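# Reading the structure
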Amino acid sequence: MNDKWDKVQNAIFRAFCIREYLETQLTSSEETVSAPEICDWIKEKYPEEDISRQSVNKYLDVIEQYDDEKRNRYSEYSIIKSGLKKKDTKNSKYTYKKVLTTDQLSMLSELVYSSVFLDENTAIDLVLSLAEYDNIDGFNAKAGMNSVIRPFKGENFDAFSNLKLLHQAINQNRFISYYKGAVNEKGQDGYYKKEDNEKWTWNWVDKKNIKRSEEISAEKIPQNEHGKKILVCPYKIVWDNSRCYLIGLNQFNGEGCWQVRTFRIDRMYALKIIEEKECKNTPKNSPFYKEKEDFCFDVEKFMGSIFKMWAAEEKYKKLTFCVRKDKINIMRDRFGGIKLIPIENDEKHFLFETGIQVSNTFFSWLSGFLPDELRIFGPKEVKDEYTEHLKKICNGY
C-alpha cells in the first residue's frame, strides 16, 4: 500500500514540476518545448528527483491527446492545464499556451456581470468570448452563476468601444476629442452640439441603433452646456464602483490653464483620436507633477486626493485632520501611509496631513464622523467652508 502511494505522490510531484516549467520558462505561445529540455530543467532545479526523458514524454503525450473530461481520470495529469499542442510529431516538439482555470474565468465573469458600465448582451457576449478563446468547455455564461447582472445605467452603447480608442490614444500619446453626454427633456441619452454656423443640434441613437440628429432652438439648451468638442490629453483609465473613468489633462470649457481631471467614459460621445496632436506632460505647477513617471503624472497621489471620482485640481488643498485613536485604521485604509503627529496632553487623538480635492462629496464623507472622531484641524478657510455647507443642509429642514 505504501509503495503504491509513494508512486502516486511521485507522479503528482512530477506533474507539478512540468507545470512549473511550462508556466515559468515559456514567455510566448510561439516557443516550442521538448521532453529533454524539461527533463534537464527538472534535474537542475530538483537534483534529488530521478526522472527520465521517457517519463516526461509520456506526460506530454497524455496531456496533448486527452481532452479535459478524459484527463480528469488521471489525477496527476489533471494538474497540468490544457493548452499543450504537438507541433513536430517526428521530434516530439510541443507548443504551450497558458489558459485560465474555470475559477479564474468565473472571477472575471463576476467582475463583468457586476459592472454598470456594460449592457446585459455585451456582458454575456464578453464572457462567452473569454470562455471560447480560452478553450474551456462546459462553461455556461448564463447558467451556474450566482451574480446579478447589474442594470445598464445609460444608453451610450459606444461606451465599450470608447475604451479601445482610449487605450489606443494613451499608447500612441495622442489627444482625444468628444462631446459630453446629456439627457434631454424627452429623457433621451445623447449630446448637444454647437455647429460652426452657431446653430445647435441634439444627437442621439434611436431604439433601432440608428444615429439621429435634429436642429433645436437655443432656448432648449441647458445653462451649463457649451456644446463644443472637449479636448483631453488621456493619462490613465480607472474603474471605480463598477464605472469607468478617464484621468487626463484638460482646459475647463476650453479656457484657462491645463489641469488634471476625471471624465466618465460612458458619457463620452463621438469620441475621436486627434492624430496630429501629441499629448502634454503634467504641468510643473500641478500638485500631481512627478518626474520619471508616465506624463510626469503622480497617479497614486491623485487617486488618494479624490472622493467618488470627483476631481477639480483647483480645489486641491493640503488639510490637517484630528483623528481619534480608534479611527486611525479607517484613515489608513482611505489615505494610505499617513504620518501621525501626537497632540500634547491628549492621548486619545492624533493629527495627520493629507492632500484632498475639496468638494461636497468630500464633505458628505466627512459628515459621517462625529467631531470627536474626525474633524478638520486646518486650514481655517476649509473649516469655514465645511461649517457653511452643514448650515445650508440644516436650514433646509
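By convention here, each chain's residues receive numbers from 1 onward along its written sequence. At least 70 in pLDDT is required for a residue's local features to be given in this predicted model, at least 80 for side-chain atom pairs to be given and counted, and no such filter applies to totals for whole chains, interfaces and linings, which use all residues. With hydrogens and water excluded, all non-hydrogen atoms of the structure serve as input to the side-chain values.

## Quick word on unusual backbone geometry
One can expect most non-glycine residues to show negative phi and most peptide bonds to be in trans. That bond from Gly-378 to Pro-379 is cis: its omega, 5 degrees, falls within 30 degrees of zero. Along the chain, the position of Pro-379 falls in the loop between strand S15 (374-378) and helix H12 (380-395). Non-glycine residue Asn-345 carries a positive phi angle of around 65 degrees. Along the chain, the position of Asn-345 falls in the loop between strand S13 (341-343) and strand S14 (346-357). Here a strand is any run of E in DSSP of at least two residues, a helix any run of H or I of at least four, and the numbering for each starts at the N terminus.

## Concerning H12
Taking 1.5 Å per residue, 16 residues should reach 22 Å; H12 reaches 22 Å between its end C-alpha atoms and fits that length. Here H12 has its buried residues at Val-382, Tyr-386 and His-389. The buried residues of H12 occupy one face: seen down the axis, they fall within an arc of 55 degrees. Opposite its buried face, H12 presents the exposed residues Lys-380, Cys-394 and Asn-395, each directed more than 90 degrees away. The span expected for a helix works out to 1.5 Å for each residue beyond the first. The buried label goes to any residue with under 20% of its type's maximum accessible area, the exposed label to any with over 50%, and the partly exposed label to all in between, with areas taken from a 1.4 Å probe on protein chains only. Here the arc refers to the directions that run from the helix axis out to each C-beta atom.

## Thoughts on the packing of aromatic side chains
Each Phe, Tyr or Trp ring (for Trp, its six-membered ring) is paired with any other whose centre lies within 6.5 Å, and the angle between the two planes then decides the class: stacked below 30 degrees, edge-to-face above 60, tilted in between. If you walk through the whole model with that rule in mind, you get 19 aromatic pairs. Seen from their ring centres, Phe-175 and Trp-258 are 5.7 Å apart, and the 75 degrees between their planes marks the pair as edge-to-face. You can see Phe-175 sitting in strand S4 (residues 174-183) and its partner Trp-258 sitting in strand S10 (residues 258-264), a full 83 residues away along the chain. Pairing Phe-321 with Phe-335 gives two aromatic rings, centres 6.1 Å apart and planes at 25 degrees, and the pair type is stacked.

## Remarks on the sheet that holds S14
Paired strands, as defined in this entry, are two strands with at least two bridges between them according to DSSP. Pairing in this open sheet of four strands is antiparallel, and the strands run S13-S14-S12-S15 from one edge to the other. Because the sheet does not close on itself, it has two edges, and the strands there are S13 and S15. Adjacent strand axes in the sheet meet at a mean angle of 40 degrees when their direction is disregarded. Only heavy atoms matter for contacts: two residues are in contact if any of them lie within 4.5 Å across the pair. For helices, the fitted line uses only the C-alpha atoms of the stretch in contact; every axis is such a line through C-alpha atoms, and the angle between N-to-C directions lies from 0 to 180 degrees. Packing against the sheet, helix H10 (residues 328-335) makes contact with strand S12 (316-324), S14 and S15, and its axis sits at approximately 15 degrees to S14. Along the sheet, H12 makes contact with S12 and S15, crossing S15 at roughly 135 degrees.

## What about the nonpolar core?
With 37 residues, the main nonpolar core has Ile-176, Tyr-178, Leu-246 and Phe-297 as its most contacted residues. Among the secondary structure elements, those contributing two or more residues to this core are helix H7 (120-133), helix H8 (159-172), S4, strand S8 (230-240), strand S9 (243-251), S10 and strand S11 (268-278). Other than its neighbours up to four places away in sequence, Phe-297 contacts Tyr-235, Lys-236, Ile-247, Val-260, Thr-282, Phe-288, Lys-290 and Phe-302. Only buried residues count toward a nonpolar core. Its members are Ala, Val, Leu, Ile, Met, Phe, Trp, Tyr and Cys residues joined through side-chain atoms within 4.5 Å. Met-331, Phe-335, Ile-356 and Val-382 belong to the second largest nonpolar core, which has 20 residues in total.

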